[in-house]
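Chain by chain, the residues run as shown.
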Amino acid sequence: MSLRVSELRVYYRTLKGDVKALDDVSFTMRDGEILGLAGESGCGKTTLGKSLIRMDGRMRHMGGTVELDGRELPIGDDRRMNEFRFHEVSLIPQYSMSAMNPTRKIGKMVGELLGSRGVALDRAELESRLDLVELPRKVLDNYPIELSGGMKQRMVMVISTLLNPSLLIADEVTSALDVSTQKAVAKALIGFRDAGFVKSMIFVTHDLALTSHIADTIMVMYAGKLAEKAPAKVMVTAPRHPYTKLLINSLPEVGVRHADKKLSGIAGSPPSLLDPPAGCRFRARCPVAGDECGQEPPVVEVEPDHFVACWKA
Amino acid sequence: MRQYFGRKLLVYGLTFFVAVTINWMVPRFMPGDPVSSMVARAGVSNPGAVETMRTYYTNLFGFDQPLWKQYANFWAALFQGDFGISIWVFPTPVSEVIMGAVPYTLGLMIPSVLLSWVVGNWAGAFAARRRLLDNTVLPVGYVLTAMPYMWLAVLLAWGLGVVAGVFPVAGGYSFSLQPSLSVEFVADLLHHWVLPFLSLFLVALGGWAIGMRNMIIYELESDYSNYLSALGAPQRLIRRYAFRNAVLPQITGLALQLGVLVAGALVTEIVFSYPGLGSLILKAIQNQDFFLLQGTFMFIVLGVLIANFIIDIVYVVVDPRTRAGMAGAQA
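A quick note: this is a predicted structure, and the numbers were derived from the prediction, not measured. (Residues numbered from 1 in each chain as written. Chains lettered and ligands numbered in written order. Predicted model: local features only at pLDDT ≥ 70, side-chain atom pairs only at ≥ 80, totals over all residues. Heavy atoms only, no water.)

1. Overview of unusual backbone geometry
Residues and elements named next belong to chain A.
Now for step 1: In this model, Asp-69 sits at a positive phi of 50 degrees, which is unusual for a non-glycine residue.
Now for step 2: In this structure, Glu-134 takes a positive phi of about 60 degrees despite not being glycine.
Now for step 3: One can find Glu-134 in the loop between α4 (123–132) and α5 (149–160). (Helix = DSSP H or I, 4+ residues; strand = E, 2+ residues; numbered from the N terminus.)

Listed below in structure tokens is the structure:
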């Protein structure tokens, strides 16, 4: 097992109380696995991604453990966590377009970043990785503004994976890109995994369609909890959780004329995480909810590698 | 690059032309007649002598010629380095009067503007995101910037000069001394310099510190800082980058400050009776001294333009983004 997250609870401290953005989430990842983490806005996927590398000032680790390659990550301790960052856990941020210091040449910045982590810059290795993502080597002598959006994205991918981290968190990396660039980025990420630059990867996205192409396993979250986790193919073809079913039904299909067949969405919106309802959190929007849903559904492995948190599954 | 600086120089040339023209116009459109006041100052009562004097002075300053000719003469003289003759301290040439005042003004303004900039930026950057320091530097900064300048200057003069008696409150040097390069004179000069310098330094300090603090916090919250933190880069590196980027707008601010450098000391020089350009402007206005006023303004215009040009060059060196803009059409 590469990553083991057990009963992780991360809350946001606010003046009105704790926002339970991540409430009792447990899952594991194998070596070499790409986990697609999907869900609508505010379901806790970015919080999970951030928790694994660097919590922001408002986030509090309330319980649960994270274990990477057999070592426990001190995720609640910003200082002790530093040792793991970049070396063991790395991040491709949502904001790749502005992730590089605008007033430093890229090559120089990479050298300074590595130097500050006590690693000497291996120019040849860096250049070979640039070749891999089809960036010209001269970008190292450029300033970030001289690169296009897609180039910056690829540059950040190269920087983030330079120390061969065990776990890479790719947070909404394709959100701001056009479709053909999305495909190139997805391919590059798979290439990194195949080349052994990263052992395993969490691909955070709200784009289920794209996830199903690159992820081995898809995990769907709802309101800070795990809803369903299954191999990508199973998730798309035979989802068990009513939320996942509705989510997949609301994806447009190629060749379907939506003038004839209205694209269905999911009525309602997720509950407030400040004071989430007892029992199943999807209950209010669920078409099949029953009395037992007043109790919180446990996460059950209905088939090998297929976990669902639903009484009706 | 050459095109960029060529265009800049053209703009500066145009600005110079317009500013000098306005300089020439303003004193001439002021109410009052300098020649009459000079004649009156001589205290001659004989009408014939008054008439002779009037003609002599009018001729001397060229006021008998039509305006356009005066304007043309003015430009011609300008290129020969001739600013005319002062009316107030007749017959000293204006250039000599100005050159006597310039060292005082520059000696006062350059250290106070630059030092307050450096110290203010440093203090602001250091205080940002460090609770204890932030809670002290920020209020002190606000108090300093919000304080009316004259009041601070008077307070300093009263406190350190009158009550404590540590520093003299007026003049560029003691009246008992003659300007010379002796140790005694230089020490006296510095002694007189401290209070006006301190007042200018303190007043500018707070603004720079507050500006820098806010800029640093903005930079520390920016995406590249977050990314570096996520990759475990030490605070030292992140702060260094933040400082480098936060100082850019401060450089623009400095350019503006340098612009008013020459004239900015006016109030200080009046409060402390410091013999710089500021006092000169006041004297020139009080005595309707066209040529002196023109000359001082000319000096200020030149100062502003040169300071801005230097900052333009500095900016190109420190901010790569301006260089990228130069290659395109929008420089």
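That was the structure; now back to the text.
2. Section: helix α4 (residues 67–79) of chain B
Residue and element names in this part refer to chain B.
Now for step 1: The terminal C-alpha atoms of α4 lie 19 Å apart, and with 13 residues this matches the ideal 18 Å at 1.5 Å per residue to within 8%.
Now for step 2: If you check which residues of α4 are buried, you get Gln-70, Tyr-71, Phe-74, Trp-75, Ala-77 and Leu-78. Down the axis of α4, the buried side of the element spans an arc of 165 degrees, and every buried residue falls inside it. What points out from α4, more than 90 degrees from its buried face, is the exposed set Trp-68 and Phe-79.
Now for step 3: On the buried face of α4, the contacting elements are α1 (2–29) and α13 (290–318).
Now for step 4: Gly-81, located one to two residues past α4, shows a positive phi value of around 75 degrees. (Expected span 1.5 Å × (residues − 1). Buried < 20%, exposed > 50% of the residue type's maximum accessible area, 1.4 Å probe, protein only. Arc of directions from axis to C-beta. Contact = heavy atoms within 4.5 Å.)

3. A word on the domain arrangement of chain B
Quite often, the size of an interface is put as the accessible area lost when its parts meet.
Residue and element names in this part refer to chain B.
Now for step 1: When its domains are assigned, chain B resolves into domain 1 (2–79) and domain 2 (97–327).
Now for step 2: For domain 1 and domain 2, the distance between their C-alpha centroids amounts to 33 Å.
Now for step 3: Both faces considered, domain 1 and domain 2 share a buried interface measuring about 2,000 Å² in area, 73% of it formed by carbon and sulfur atoms.
Now for step 4: Among the residues of domain 1 in contact with domain 2, Tyr-4, Tyr-12 and Asn-23 are the three that bury the most area, contributing 28% of the side total. (Domains from an automatic or database assignment. Buried area = accessible area lost by both parts, 1.4 Å probe.)

4. Observations concerning the pattern of salt bridges
Residue and element names in this part refer to chain A.
Now for step 1: Under the criterion given, the structure shown has 25 salt bridges over all chains.
Now for step 2: A salt bridge links Glu-296 to Lys-225, with the shortest nitrogen-to-oxygen separation between them at 2.6 Å. Placement of the pair is Glu-296 in the loop between α9 (242–249) and β11 (300–303) and Lys-225 in strand β10 (residues 225–231), with a sequence separation of 71 residues.
Now for step 3: The class of Lys-225 is buried, set by a relative accessible area of 14%.
Now for step 4: Bridged by salt links that share partners, the residues Arg-123, Glu-127, Asp-131 and Arg-137 form one connected network. (Salt bridge = Lys/Arg side-chain N within 4 Å of Asp/Glu carboxyl O.)

5. Re the UniProt feature "transmembrane region" (unreviewed entry) in chain B
All names here are of chain B.
Now for step 1: UniProt's feature table lists "transmembrane region" (unreviewed entry) at residues 9–26, 108–128, 149–170, 190–210, 246–272 and 292–318, given in the numbering used throughout.
Now for step 2: Helix makes up 100% of residues 9–26 and strand 0%. Its end C-alpha atoms lie 25 Å apart.
Now for step 3: In residues 149–170, the share of helix is 68% and the share of strand is 0%. The end C-alpha atoms are 17 Å apart. (UniProt positions renumbered as here; feature names shortened; annotations may be inferred.)

6. Things to note about the packing of aromatic side chains
Now for step 1: Counted by the stated rule, this structure contains 15 aromatic pairs over all chains.
Now for step 2: Grouped by ring-pair contacts, the aromatic residues Phe-16, Phe-17, Phe-74, Trp-75 and Phe-79 of chain B constitute a single cluster.
Now for step 3: Across from the ring centre of Phe-197 of chain A, 3.6 Å away, lies the NZ or CZ of Arg-129 of chain A, which sits over that ring. (Phe/Tyr/Trp six-rings, centres within 6.5 Å; stacked < 30°, edge-to-face > 60°. Lys NZ or Arg CZ within 6 Å of the ring centre and 35° of its normal.)

7. A few points about the UniProt feature "domain: ABC transporter" (unreviewed entry) in chain A
Now for step 1: With numbering aligned to this structure, UniProt lists the feature "domain: ABC transporter" (unreviewed entry) at residues 3–248 of chain A.
Now for step 2: In the segment residues 3–248 of chain A, helix accounts for 33% and strand for 28%; the C-alpha atoms at its two ends are 27 Å apart.

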